[in-house]
Each structure stands twice: as C-alpha cells, then as structure tokens.
Amino acid sequence: MKVVVDTDVCKDHGQCVFASPEVFQLDADGKLVYVAEPDESLREDVEDAADVCPLQAITIEG
Ligand code: SF4
C-alpha cells in the first residue's frame, strides 16, 4: 500500500492524525508528515484517515 498526500491541498489540521496516528503525524512545526508505504495491517486506519480528511487530500495507491 502506498499513501500520497497532496501537500498543496492539505491544510495540516490533522484529522488524519486522529484516525491513523501510526501513519500520519504533525511535526514540531505543525506540518503533516506521513509514512509513504505503511504496513498492510494499517490499511483500515489509513482508509478512515482518507475518509475523514475534509480536503480529500489523501490517496491510497495499491
Ligand atoms: S486530514 Fe487532510 S488536510 Fe488535514 S492534515 Fe490530514 S491530509 Fe492534511
């Protein structure tokens, strides 16, 4: 599974971080950082994160 966040669209509000904290985090500057190729076991959480993102900035490939 590959995760892509459109950083032009993302506003760093962090809803994805609550849904999938293993994959999405906010760094010390409040910028979103994420695991680009998370383990398959995290798929459900990542799908939840994509669903809750108000800007639809998260794409799951594969
Ligand atoms: S929920 Fe969407 S807009 Fe908000 S930080 Fe995550 S990817 Fe960015």
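Residues numbered from 1 in each chain as written. Predicted model: local features only at pLDDT ≥ 70, side-chain atom pairs only at ≥ 80, totals over all residues. Heavy atoms only, no water.

Trainee: I'd like a rundown of the overall build of the protein chain, residues and numbers included.
Mentor: Helix and strand counts for the protein chain come out as two helices and four strands. Starting at the N terminus and ending at the C terminus, the protein chain contains elements arranged as β-α-β-β-α-β. Scaling as 2.2 N^0.38, a compact globule of 62 residues should have a C-alpha radius of gyration of about 11 Å, and the protein chain matches this with 10 Å. Dimensions of the protein chain along its principal axes, counting C-alpha atoms only, are 30 × 20 × 15 Å. (Helix = DSSP H or I, 4+ residues; strand = E, 2+ residues; numbered from the N terminus. Rg over C-alpha atoms; globule rule 2.2 N^0.38 Å.)

Trainee: Any chance you could break down the site of the ligand for me, citing the residues and the numbers?
Mentor: The environment of the ligand is made up of 13 residues, and the closest members are C10, K11, G14, C16 and C53. Grouping the amino acids of the shell around the ligand by side-chain chemistry returns eight nonpolar, three polar and two charged. (Near = heavy atom within 4 Å. Nonpolar A, V, L, I, M, F, W, Y, C, P; charged D, E, K, R; others polar.)

Trainee: An account of helix α2 (residues 43-52) is needed here, citing residue identities and associated values.
Mentor: Turning to α2, its buried residues are V46, A49 and A50. The buried residues of α2 occupy an angular sector of 100° when projected down its axis, which confines them to one face. Among the exposed residues of α2, those pointing more than 90 degrees away from its buried face are E44 and D51. Buried residues belonging to α2 abut β1 (2-5), α1 (15-19), β2 (24-26) and β4 (58-61). (Buried < 20%, exposed > 50% of the residue type's maximum accessible area, 1.4 Å probe, protein only. Arc of directions from axis to C-beta. Contact = heavy atoms within 4.5 Å.)

Trainee: Account for the pairing of β1, with residues named and values stated.
Mentor: Burial along β1 is one-sided: the residues V3 and V5 are buried and none of K2 and V4 is. Bridge count between β1 and β4: four bridges; the pairing is antiparallel. The residue of β4 that forms the bridge with V4 is T59. (Pairing = 2+ DSSP bridges.)

Trainee: So what about the environment of G62? Which residues, and what values?
Mentor: Mapped onto the elements, G62 comes out in the segment after β4. Residue classification places G62 among the exposed positions, given a relative accessible area of 79%. Note: C-alpha distance between G62 and D45 (17 residues apart in sequence) is 15 Å.

Trainee: Give a description of the nonpolar core that names residues and reports values.
Mentor: Grouped together as the largest cluster of nonpolar side chains are 16 residues, with contacts concentrated most on V3, V5, C16, F24, L32, V46 and I58. Counting only elements with at least two residues in this core, the list comes to β1, α1 and α2. In terms of residue count, α2 provides more of this core than any other element does, three residues in total. Excluding anything up to four places from it in sequence, L32 contacts V5, C10, D12, C16, V17, F24, Q25 and L26. (Core = buried A, V, L, I, M, F, W, Y, C linked by side-chain atoms within 4.5 Å.)

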